[in-house]
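Structural description and commentary
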Amino acid sequence: DVVMTQTPVSMSVSLGGQVSISCRSSQSLVHNNGNTYLSWYIQKPSQSPQLLIYKVSNRFSGISDRFSGSGSGTDFTLKISRVEPDDLGVYYCGQGTQYPLTFGSGTKLEIK
Amino acid sequence: EVQLVESGGGLVQPGRSLKLSCVASGFTFSNYGMNWIRQAPGKGLEWVAYISSGSSYIYYAETVKGRFTISRDNAKNTLYLQMTSLRSEDTALYYCARPLYSSHGGFAYWGQGTLVTVSS
């Protein structure tokens, strides 16, 4: 199985600041078809998870350009700029390249 | 608007069975593979099972293989998860989720979840 390792486990940021979350996979996430199925999600308190980024760097519909994804192979990063109060929650990376599908253990973002 | 509405959760004794449903609307259900994903209380996300649009391809997490069965009825726009031999570690909020594309692209749409509690 592909193990997804997310760091840090938690972080605190001031409003207007910037954060980076790292996600590393135990195997390359490049699919046979050439695509890399790495996604990022946010789960706000008491809500279902929401898709932020798909295929490494593509923002889902309605997602602010303050969110950006990058990386390749086994090493990926989510950056959030100009942090707003509504950004608090737990962020997960997830891979869709190989079954069983797997998620990182989450990064809790708190606002100072 | 895409909507996914899960139901069927509840309190069940260890070893018993339960069947979850997820009714989809706002898109052509038969064009998309579907997933079940669960979240134990206070824990992270765990993918459970996937079924392709025509039910030809089915995959399970090792933790549920042999005990859970995913299925779908495209005429009823409904996804199912039959759970048998339930264990305390199956206690979780169960979400159905649709990918952005027919089978890939991340989990773009999620239901609100249905809570399964396995306890004597």
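Residues numbered from 1 in each chain as written. Chains lettered and ligands numbered in written order. Predicted model: local features only at pLDDT ≥ 70, side-chain atom pairs only at ≥ 80, totals over all residues. Heavy atoms only, no water.

**Comments concerning the state of the cysteines**
Residue and element names in this part refer to chain A. The following threshold applies: Disulfides are defined in this document as cysteine sulfur pairs within 2.5 Å. Helical segments are the DSSP runs of H or I of at least four residues, strand segments are the runs of E of at least two, and each set is numbered from the N terminus.
Per the counting criterion, the structure on display carries 2 disulfides over all chains. The disulfide that involves Cys23 links it to Cys93, with 2.1 Å between the sulfurs. An S-S torsion of about 75° defines the bridge between Cys23 and Cys93 as right-handed. Of this pair, Cys23 sits in strand S3 (residues 19-25) while Cys93 sits in strand S9 (residues 89-95), placing them 70 residues apart in sequence.

**Quick notes on the nonpolar core**
Rule in force here: Side-chain atoms within 4.5 Å link the members of a nonpolar core, which is a set of buried Ala, Val, Leu, Ile, Met, Phe, Trp, Tyr and Cys residues. Each residue gets one of three labels from its accessible area relative to the maximum for its type: buried under 20%, exposed over 50%, partly exposed in between, using a 1.4 Å probe on protein chains only. Any two residues whose heavy atoms approach within 4.5 Å are treated as being in contact.
Core analysis: the largest hydrophobic core is formed by 69 residues, its most contacted members being Trp36 and Tyr94 of chain B. Ignoring sequence-local partners within four residues, the contact set of Tyr94 of chain B consists of Glu6, Leu20, Trp36, Ile37, Arg38, Val48, Phe68, Leu81, Met83, Gly113, Thr114 and Val116 of chain B.

**Considering unusual backbone geometry**
Residue Thr7 of chain A is joined to Pro8 of chain A through a cis peptide bond whose omega torsion reads -5°. As for its position among the elements, Pro8 of chain A is in the loop between strand S1 (4-7) and strand S2 (10-13). Of note, the bond from Tyr99 of chain A into Pro100 of chain A is cis; its omega dihedral lies within 30 degrees of zero at 0°. The phi torsion at Arg82 of chain A lies on the positive side, around 45°, for a residue other than glycine. Mapping Arg82 of chain A onto the fold places it in the loop between strand S8 (75-80) and S9. A relative accessible area of 48% places Arg82 of chain A in the partly exposed class. The phi dihedral of Ser55 of chain B falls on the positive side, at around 70°, and the residue is not glycine. In this fold, Ser55 of chain B is placed in the loop between strand S5 (45-51) and strand S6 (58-60). The class of Ser55 of chain B is partly exposed, set by a relative accessible area of 32%.

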